[in-house]
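Structural description and commentary
Next come the chains, spelled out residue by residue.
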Amino acid sequence: QVQLVESGGGLVHTGGSLRLSCAASGRTFSPYVMGWFRQAPGKQREFVAAISWSDGRTYYTDSVKGRFTISRDNAKNTVYLQMNSLKPEDTAVYYCAAGDSRYYTPDNKYDYGYWGQGTQVTVSS
């Protein structure tokens, strides 16, 4: 059983920064990909960023490129999302996810079998 626990959410003003963390635990944690998704009220859960656990290749949705950075610490089983230049439209609950299938599409939420409980990010204008 894999458990993902997010932290680091909060309230910031436009232009501010936050760093989200996602710590994974479990008897055998060996994902192929880790990702961040977000869900705003009344909207579908959408892809934000992902990282290959083996080689560190990263993927981003267009709206966050140049502002967000995903990274990982394999020794700590932790993935991070550094969010800079935050905008009100970034307001959402952010979810960490892990996929353990070798064949995956980074922005496909159905390729992730494990999810955290979510952390709220609110950006005020």
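1. So, the state of the cysteines
Should the sulfur atoms of two cysteines be covalently bonded, the bond is a disulfide. In this structure the tally under the stated criterion is 1 disulfide. Sulfur-sulfur distance for the disulfide between C22 and C96 comes to 2.0 Å. Disulfide C22-C96: the torsion about the S-S bond is -75 degrees, which places it as left-handed. One end of the pair, C22, is in strand β3 (residues 18-26); the other, C96, is in strand β9 (residues 92-99), and 74 residues separate them in sequence. Across this residue pair, the class does not change: C22 and C96 are buried.

2. Quick word on the packing of aromatic side chains
Counted under the stated rule, the structure contains 4 aromatic pairs. Summarising the aromatic geometry, the rings of F37 and Y112 are spaced 5.1 Å apart at their centres and angled 80 degrees between planes, so their arrangement reads as edge-to-face. Of this pair, F37 sits in strand β4 (residues 33-39) while Y112 sits in the loop between β9 and β10 (114-115), and the two are 75 residues apart along the sequence. Judged by relative accessible area, F37 falls into the buried class, the value being 0%. Accessibility expressed as a relative area gives 5% for Y112, which makes it buried. Among the aromatic residues, those joined into a cluster by ring pairs are F37, F47, Y112 and W115.

3. Side note on the nonpolar core
Core analysis: the largest hydrophobic core is formed by 28 residues, its most contacted members being L4, M34, W36, L81, M83 and Y94. Of all elements in the fold, only β1 (2-7), β3, β4, β5 (46-52), β7 (68-73), β8 (78-83), β9 and β11 (119-124) reach the threshold of two or more residues within this core. One finds V33, F47, A50 and A97 within the second-largest nonpolar core, a separate group that totals 6 residues.

Here is what the cut-offs are and how they apply
- Residues numbered from 1 in each chain as written.
- Predicted model: local features only at pLDDT ≥ 70, side-chain atom pairs only at ≥ 80, totals over all residues.
- Heavy atoms only, no water.
- Disulfide = S-S within 2.5 Å.
- Helix = DSSP H or I, 4+ residues; strand = E, 2+ residues; numbered from the N terminus.
- Buried < 20%, exposed > 50% of the residue type's maximum accessible area, 1.4 Å probe, protein only.
- Phe/Tyr/Trp six-rings, centres within 6.5 Å; stacked < 30°, edge-to-face > 60°.
- Core = buried A, V, L, I, M, F, W, Y, C linked by side-chain atoms within 4.5 Å.

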